[in-house]
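Below are the chains, spelled out letter by letter.
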Amino acid sequence: MHDLKALRADPAAFDAALARRGLPAVADSLVKEDEQRRAALAELQEAQGQRKGLAKEIGQAKRNGEDTTDIEARGAALRDQIATLEARANEIQKRIDDVLQRLPNQLDASVPDGKDENDNVVVHQRGEVPSFSFEAKQHFELGEALGLMDFASAGKIAGSRFVMLRGVLARLERALGQFMLDTHTGEFGYEEVTVPLLVNDAAMYGTDKLPKFAEDSFHTDDDRWLIPTGEVPLTASVMGDILPAESLPRRMTTLSTCFRSEAGSAGRDVRGMLRQHQFTKCELVSVVAPEESDAEHERMTRAAETVLERLGLPFRRVLLCAGDTGFGAAKTYDLEAWLPGQKAWREVSSCSNTRDFQARRMNARMRKEKTTAFVHTLNGSGLAVGRVMIALMEMYQQEDGSIIVPEVLRPYMGGLDIVRA
């Protein structure tokens, strides 16, 4: 979670990092708790040493035929003292862990200050925002008019925030996912992985989804979780491992169904596919040596941008400010595509460097010569398939409601170049 040694060395810096996220200072209280824990451990070690000495004393007395009643009484008292000290140290450690596991990652120095998305910084924009000679429709208007986007049937069997795509739109979604996978595996060296869609508590905790975001995910009766993102199984695949330095970087990608409860989002994006309980995403995960993570972050973001460029979608890269950066991230770039129907930029990818934040929670390390160090982990959408399809539908719509299929997707669509009713 966080390095207690570094916290003790510079508590002011730790609190300053929390202040950037609008959180109160906690370093002094944690340092005091840690001092008590270490004092209890020191007493425990001393008591254990005394007990060892008494065990030898008892053995020698018995060999000499001497009465050991008094010595054994002292041993029993030490045993009780040791149990008390162990319980005390464990209780203090639990209190420390309860605080630390709810504290977000420390932000990179390049992350701008700010409270929310209004303070994010546009790094660059690629592609021209189109102008139409007609009133651009939103994706759900287009999809429903084509008879290929069915919210009513999905709602009947699953409730709100689900959709059934039919015919050519279902194929278009599949084509987008395959195109993304082919780009990332063929050009950027990511290994394709098929992942479990159900994971345990350890995987969710290690990837910083528990305990803070439990309500955002779906939990099963047999104590597992539906994955909120492919990041969870990909990143957690190195949980508890000590990786040879020469095996890094490890780059993985998966095209998976993802599930989110969308707790707290009532009333937001209620129409259409922007905020669904179930969606498809092509995920990118990198596990790298600490000194490589900044460069890997840029590389990962460029991989995601490449997909948008090939699809001909206008987009911009945005550096998230302190108040908008996610819990586990040290630094995040969002990629936002232009949605002509909404006349707005909307996120289609989020690429984050978590540094060693997740690795500490997972105990994922690398070995270089005779030393070990926590690896750095990165994750990014490469991209969110449904959201990219929304941008594509709105960007390539025609006045008659048809949708042009971008050239790069036509081989995946059997040569189809336009979606019509």
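Keep in mind the model is a prediction, meaning the values are calculated, not measured.

Cut-off values and rules
- Residues numbered from 1 in each chain as written.
- Predicted model: local features only at pLDDT ≥ 70, side-chain atom pairs only at ≥ 80, totals over all residues.
- Heavy atoms only, no water.
- Axes fitted to C-alpha atoms, helices over the stretch in contact; angles between N-to-C directions.
- Helix = DSSP H or I, 4+ residues; strand = E, 2+ residues; numbered from the N terminus.
- Parallel < 35°, antiparallel > 145°, perpendicular 65-115°, else oblique.
- Left-handed = near helix turned anticlockwise from the far one by under 90°.
- Contact = heavy atoms within 4.5 Å.
- Nonpolar A, V, L, I, M, F, W, Y, C, P; charged D, E, K, R; others polar.
- Core = buried A, V, L, I, M, F, W, Y, C linked by side-chain atoms within 4.5 Å.
- Buried < 20%, exposed > 50% of the residue type's maximum accessible area, 1.4 Å probe, protein only.
- Pairing = 2+ DSSP bridges.
- Domains from an automatic or database assignment.
- Phe/Tyr/Trp six-rings, centres within 6.5 Å; stacked < 30°, edge-to-face > 60°.
- Lys NZ or Arg CZ within 6 Å of the ring centre and 35° of its normal.

A. Layout of the packing of helix H7 (residues 167-187) against helix H10 (residues 293-311). At a minimum axis distance of 10 Å, the contact between H7 and H10 shows a crossing angle of 130°. The angle between H7 and H10 falls in the class oblique. You can see that H7 and H10 cross each other, and the crossing is right-handed. Of the residues in H10, those touching H7 at Leu176, Phe179, Met180, Thr183, His184 and Glu187 are Ala303, Ala304, Thr306, Val307, Arg310 and Leu311. Looking at the contact of H7 with H10 residue by residue, the classes come out as 7 nonpolar, 3 polar and 2 charged.

B. Highlighting the nonpolar core. Counting 50 residues, the largest nonpolar core has Leu176 and Leu311 as the members making the most contacts within it. Mapped onto this core, the elements with two or more residues apiece are helix H5 (139-146), H7, strand E9 (278-288), H10, strand E11 (331-339), strand E12 (344-353), strand E15 (376-384) and helix H12 (385-395). With 8 residues, H12 is the single largest residue contributor to this core. Setting aside residues no more than four positions away along its own chain, leucine 176 makes contact with Leu311, Val385, Val388, Met389, Leu392 and Leu409.

C. Just the sheet that holds strand E10 (residues 315-319), in detail. Pairing in this open sheet of 8 strands is mixed, and the strands run E1-E10-E11-E12-E15-E9-E8-E4 from one edge to the other. Whereas interior strands pair on both sides, the edge strands pair on one side only; in this sheet they are strand E1 (121-126) and strand E4 (191-192). Looking at chain direction, E4 and strand E8 (residues 250-259) are connected through 2 bridges and run parallel. Bridge pairing in E8 links glutamate 191 to methionine 252. The strands that H7 touches are E4, E8, E9 and E15; relative to E8, the one it contacts most, it runs at about 165°.

D. Just the domain arrangement of the protein chain, in detail. For the protein chain, the assigned domains read domain 1 (4-101) and domain 2 (117-419). If you average the C-alpha positions of domain 1 and of domain 2, the two centres end up 45 Å apart.

E. Here's a closer look at the sheet that holds strand E14 (residues 371-374). Taken in spatial order, the 3 strands make up an open sheet running E7-E13-E14, and their pairing is mixed. Across the chains shown, the open sheet's two edge strands, defined by having one partner strand only, are strand E7 (242-244) and E14. When strand polarity is set aside, the average angle formed by the axes of neighbouring strands in this sheet is 35°. Bridge count for E7 against strand E13 (residues 365-368) is 3 bridges, and the pairing is parallel. Residue pairing in the sheet places isoleucine 242 in a bridge with arginine 365 of E13.

F. View of the packing of aromatic side chains. With the rule as written, the count across this model stands at 5 aromatic pairs. On the numbers, 5.6 Å between centres and 80° between planes, the contact of phenylalanine 213 with phenylalanine 327 is edge-to-face. Of this pair, phenylalanine 213 sits in the loop between helix H8 (201-206) and strand E6 (225-226) while phenylalanine 327 sits in the loop between E10 and E11, placing them 114 residues apart in sequence. Residue phenylalanine 213 is classed as partly exposed on the basis of its relative accessible area, which comes to 26%. Between phenylalanine 327 and phenylalanine 357, the aromatic rings sit 5.7 Å apart at their centres with planes inclined by 75°, giving edge-to-face as the arrangement. Of the two residues, phenylalanine 327 sits in the loop between E10 and E11 while phenylalanine 357 sits in helix H11 (residues 357-362), which places them 30 residues apart along the sequence. Phenylalanine 357 matches phenylalanine 327 in its accessibility class, with the two residues each being buried. Aromatic rings pair up to connect Phe213, Phe327 and Phe357 into one cluster. We note arginine 317 situated over the ring of tyrosine 333; from NZ or CZ to the ring centre the distance is 4.6 Å. The ring of tyrosine 205 carries the charged tip of arginine 361 above its face, separated from the ring centre by 4.2 Å.

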